[in-house]
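Overview (structure and organization)
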Amino acid sequence: MDLFEQNYRQHIGHASPLPARMRPRTIDELVGQEHILAPGKLLYRAIKADKLTSVIFYGPPGIGKTTLARIIANTTAAHFQQLNATIAGKKDLEMVVATAQKHLGQYNQRTILFIDEIHRFNKGQQDYLLPFVEDGTLVLIGATTENPYFEVNSALLSRSRIFELKPLSSENIEHLIDKALADNERGLGEYNASITPEARRFLAEATKGDAREALNALELGVLTTDSDENGKRELNLAVLQECIQKKALRYDKDGDNHYDAISAFIESMKHTDPDATLYYLARMLEAGEDPKYIARRIMVCASEDVGIADSNALNVATSASLAVERIGMPEGKKILAHAAVYVACAPKSDAVSRAYMLAEQEVKRSGHIEIPMILKDESYAGAHNLGHGVGLTDIHAFPNHYAKQQMLPDELADRQFLQLGETRYERAIAEWFKKIGKTGE
């Protein structure tokens, strides 16, 4: 390293944002993640013993995935290489593999490859890594904000251990705030700054476990606050509120948040909670979820979970879906809310869904039993000569338009799939069946 490069690195280090300067250098400096990094835990032992196998770290931004990888880089005797999947391509991977093979062959030294945002690699790029992870040429460390079970090839997953990193607690963030304010070497100690308990608590809670966001806001607050006559800077609640502004919604339409939010939305409709339904609907729409996707899920819920308890729910949901396509946003928000609240408030019944599942199970169990002759198609010439439709009654010639004729094959004559519940409409159906003499319901 020449003098110019040394000066450059020193300048960059000093000018780096506070989160980069305060990044932990050893595993014992890490804050939080005790569920996987407490002394005695598997990951802690593997890092300390330099016996790490391929792993994937996943969790929201700002909780230490990249930091953990850098700590491993600082502690391992292995050759360490790093790629960012947003800019790396096939040639980069080929160069890494060639270097890893050289180190393994010449120095008997393994290579740890850290790939940040590994979910950005396509299937081909992920597949390329497989044989080299399999034969030990590479030890892979992948970091992703997305659920790897959705975003990483199953073959690569089977060769890696998955560790979920969780958002830091408010206590963790407060500890980092105090540490940064007191650190004269890498932190903000030279500014003689302090923070009120109220402001510290607000910053810790508002950043929702994101250490990077908390430290960025803290640094902005310190640098934009004037010193008093004693040379001190005090950060109060008003200052930190200015620095935080509005927190962006943490949501990715293709990842965990997408599936978690839609699950919460559907369950809220199913559990007859219109307030929770509206909350999760607004949360998804504000985060940019596709309104057509939401409309489809409302239709599914209207059929599967409301069903014949209120068949109009499916009509409302379907109409809302068509209306949203024709009108668009933002007006479509109210249309989706209309349908979602209707479905949430409607009585619930899974009688039809359960009945269909029973019928499907019977078909799989008994196979394709011969359809009764009276029900076979009689529309073509000669069908009657084969016995098709012979003996089929005209329902309209009977009282209540019901002929009490067996429709199921003889082998299933006693099977009953539809079990009616106690909702008002289901009771009405049961009463109707009783009136016309339909037995077994």
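This text goes with the structure placed above it.
Small disclaimer: the values here were computed from a predicted structure and weren't measured.

With that settled, the discussion passes to empty space enclosed by the protein. Tallied over the full model, the rule gives one cavity of 30 Å³ or more. Considered as a void within the structure, the largest cavity measures approximately 30 Å³ in volume. Every residue lining the largest cavity is listed: Ala 46, Ile 47, Asp 50, Leu 52, Ile 72, Thr 76, Arg 110 and Ile 112. Residue composition of the lining of the largest cavity, grouped by class: five nonpolar, one polar and two charged.

Take the pairing of strand β1 (residues 55–58) next. What you see with β1 is no split at all: Val 55 and Phe 57 on one side and Ile 56 and Tyr 58 on the other are buried throughout. In the sheet, β1 pairs with strand β4 (residues 138–144) via four bridges, with the strands oriented parallel. Bridged to Tyr 58 within β4 is Thr 144. Where β1 and strand β5 (residues 161–164) come together, four bridges link them in parallel fashion. Bridge pairing in β5 places Phe 57 opposite Phe 163.

The next thing to look at is the packing of helix α10 (residues 170–182) against helix α12 (residues 211–223). Where α10 meets α12, the closest approach of the two axes is 10 Å, and the angle between their N-to-C directions is 40°. With respect to α12, the element α10 is oriented oblique. Viewed along their axes, α10 and α12 form a crossing whose handedness is right-handed. Seen from α10, the contacting residues are Ile 173, Leu 176, Ile 177, Ala 180 and Leu 181; seen from α12, they are Ala 211, Ala 214, Leu 215, Leu 218 and Val 222. The class makeup of the residues in the contact of α10 with α12 is 10 nonpolar, no polar and no charged.

Turning next to the pairing of strand β2 (residues 79–84). Side chains His 79, Gln 81 and Leu 83 of β2 all project onto a buried face; the interleaved residues Phe 80, Gln 82 and Asn 84 project onto a face where none is buried. Pairing geometry for β2 and strand β3 (residues 111–116), over six bridges, is parallel. Bridge pairing in β3 links Gln 82 to Phe 114. Between the parallel elements β2 and β3, the chain passes through helix α6 (residues 90–107) in a crossover that is right-handed.

This part is about the pattern of salt bridges. By the definition in use, this model includes 16 salt bridges. Notably, a salt bridge pairs Glu 267 with Lys 270, separated by 3.4 Å at the nearest N-O pair. Of this pair, Glu 267 and Lys 270 both sit in helix α14 (residues 256–270), three residues apart, which is roughly one turn of that helix. A relative accessible area of 32% means that Glu 267 is categorised as partly exposed. Note on Lys 270: relative accessible area 31%, which makes it partly exposed. Through salt bridges with shared partners, a single network forms among Glu 362, Arg 365 and Arg 415.

The topology assignment puts Ser 160 in the loop between α9 (154–158) and β5. A polar side-chain atom of Ser 160 sits 3.0 Å from the main-chain carbonyl oxygen of Leu 156.

This part covers the layout of surface pockets. Each pocket or cavity is described by its volume, and for the largest pocket that value is around 780 Å³. In terms of lining, the largest pocket is formed by 36 residues, of which the most central are Arg 23, Gly 62, Ile 63, Gly 64 and Arg 212. Every element with two or more residues in the lining of the largest pocket is listed here: α2 (18–21), α5 (65–75), β4, α10 and α12. For the lining of the largest pocket, a count of residues per class yields 14 nonpolar, nine polar and 13 charged.

What counts and how
All residue numbers here refer to positions counted from 1 along the written sequence of the relevant chain. pLDDT decides what is reported in this predicted model: residues at 70 or higher carry local features, side-chain atom pairs at 80 or more are listed and counted, and totals for whole chains, interfaces and linings draw on all residues regardless. With hydrogens and water stripped out, all remaining heavy atoms of the structure feed into the side-chain values. The way it works is a 1 Å grid over only the protein atoms, where trapped points that fit a 1.4 Å probe form a cavity and open points with protein on both sides within 12 Å along at least five of seven lines form a pocket, and then any residue with an atom within 4 Å of a point lines it. Grid points are joined across faces, edges and corners, and a volume is the space filled by probe spheres set on the points. Asp, Glu, Lys and Arg are counted as charged, while Ala, Val, Leu, Ile, Met, Phe, Trp, Tyr, Cys and Pro are counted as nonpolar; the rest, among them Gly, fall into the polar class. Each residue's exposure class comes from its accessible area (1.4 Å probe, protein chains only) as a fraction of the maximum for that residue type: buried when under 20%, exposed when over 50%, partly exposed otherwise. Secondary structure counts use DSSP, requiring at least four H or I residues in a row for a helix and at least two E residues in a row for a strand, with both numbered from the N terminus. For two strands to be treated as a pair, DSSP must find no fewer than two bridges joining them. Helix axes are fitted only over the stretch in contact, all axes being lines through C-alpha atoms; the angle between N-to-C directions runs from 0 to 180 degrees. Note that the term roughly parallel is reserved for angles under 35 degrees, roughly antiparallel for angles over 145, roughly perpendicular for angles of 65 to 115, and oblique for everything else. Rotating anticlockwise by less than a right angle from the far helix to the near helix defines a left-handed crossing, while the corresponding clockwise rotation defines a right-handed one. In this analysis, two residues are considered to be in contact whenever any of their non-hydrogen atoms come within 4.5 Å of each other. For the handedness criterion, the strands are oriented away from the viewer, and a crossover whose path from the first strand over the helix to the second runs clockwise is classed as right-handed. For this document, the term salt bridge refers to a Lys or Arg side-chain nitrogen within 4 Å of an Asp or Glu carboxyl oxygen. We define a polar contact as two N or O atoms separated by no more than 3.5 Å, with the added condition that, inside protein, one atom must be a possible hydrogen donor and the other a possible acceptor, whereas residues neighbouring each other in sequence contribute only through side-chain atom pairs.

Geometry only, nothing functional implied.
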